[in-house]
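# Chain and residue survey
This is what each chain is made of:
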Amino acid sequence: MSRVHVDEDIRPLSEFRAGVATFVKQIQETRRPMVLTQRGRGVAVLVDAHEYERMQERLEVLEEIYKAEEQIAAGDGVSHEDAKARIMDRLSR
């Protein structure tokens, strides 16, 4: 996902309400998120549906990595040699 362009991608909620279709088109074309503000504060971020799915997939991978690191730290890990031996054993069956 591309970074937010401060001059183009931060808009007041009232402006968004007045031109929803235009803003959705901009998000789809640029693949950049849009920050909506209310009284000068960020209240929502709009993201293209495809970009949202990609973010979710990346988050799932990061969560799995974090879980694996916790398991290794707790001593539940398997050495590379042991893992390789287990896989080779299964493949030879």
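Residues numbered from 1 in each chain as written. Predicted model: local features only at pLDDT ≥ 70, side-chain atom pairs only at ≥ 80, totals over all residues. Heavy atoms only, no water.

As recorded in an unreviewed UniProt entry, the protein goes by Antitoxin and comes from Alloalcanivorax venustensis ISO4. In its Function (unreviewed entry) section, the UniProt record describing the protein reads: "Antitoxin component of a type II toxin-antitoxin (TA) system." (UniProt positions renumbered as here; feature names shortened; annotations may be inferred.)

## Focus: helix 3 (residues 20-30)
The set of residues buried in helix 3 consists of Phe23, Gln26 and Ile27. Down the axis, helix 3 shows its buried residues gathered within 95° of arc, on one side only. Exposed residues lying more than 90 degrees from the buried face of helix 3 are Ala21, Thr22 and Glu29. Positioned one or two residues after helix 3, Arg31 has a phi angle of 60°, which is positive. (Buried < 20%, exposed > 50% of the residue type's maximum accessible area, 1.4 Å probe, protein only. Helix = DSSP H or I, 4+ residues; strand = E, 2+ residues; numbered from the N terminus. Arc of directions from axis to C-beta.)

## Looking at the confidence of the model for the protein
The share of residues in the protein with pLDDT of 70 or more is 97%, and the mean pLDDT across the chain is 89. Per-residue pLDDT, averaged within each element of the protein, yields its smallest value for helix 1 (residues 6-9) (66) and its largest for helix 4 (residues 49-73) (94). (pLDDT = per-residue confidence, 0-100.)

## Some thoughts on the packing of aromatic side chains
The full count for this structure, using the stated rule, is one aromatic pair. Arranged with centres 5.7 Å apart and planes meeting at 50°, the rings of Phe16 and Phe23 form a pair that is tilted. (Phe/Tyr/Trp six-rings, centres within 6.5 Å; stacked < 30°, edge-to-face > 60°.)

## Notes on the environment of Gly42
Tracing the chain through its elements places Gly42 in strand 3 (residues 41-46). When the C-alpha atoms of Gly42 and Pro12 are compared, they prove to be 8.8 Å apart, with 30 residues separating the residues in sequence. Dropping the residues within four chain positions of it, Gly42 is found in contact with Val35, Leu36 and Thr37. (Contact = heavy atoms within 4.5 Å.)

## Concerning a negative patch on the surface
On the surface, Glu53, Glu57, Glu60, Glu63 and Glu64 cluster together into a patch of negative charge. Relative to the elements of secondary structure, Glu53 occurs in helix 4. A residue is classified by how much of its surface remains accessible, and Glu53, at 48% relative accessible area, is partly exposed. (Patch = residues over 30% accessible without salt bridge, like charges linked within 9 Å, V, L, I, M, F, W, Y side chains within 5 Å. Areas by Shrake-Rupley, 256 points an atom, 1.4 Å probe, with all protein chains shown as cover. Salt bridge = Lys/Arg side-chain N within 4 Å of Asp/Glu carboxyl O. Lys, Arg positive; Asp, Glu negative; His and termini not counted. Charge placed at Lys NZ, Arg CZ, Asp CG, Glu CD.)

## Some thoughts on the nonpolar core
Counting residues in each nonpolar core, the largest one holds six residues, listed as Leu13, Phe16, Phe23, Ile27, Met34 and Leu36. Secondary-structure elements contributing two or more residues to this core are helix 2 (13-18), helix 3 and strand 2 (34-38). If sequence neighbours within four positions are ignored, Met34 has contacts with Glu8, Asp9, Arg11, Phe23, Gln26, Ile27, Ala44, Val45 and Leu46. (Core = buried A, V, L, I, M, F, W, Y, C linked by side-chain atoms within 4.5 Å.)

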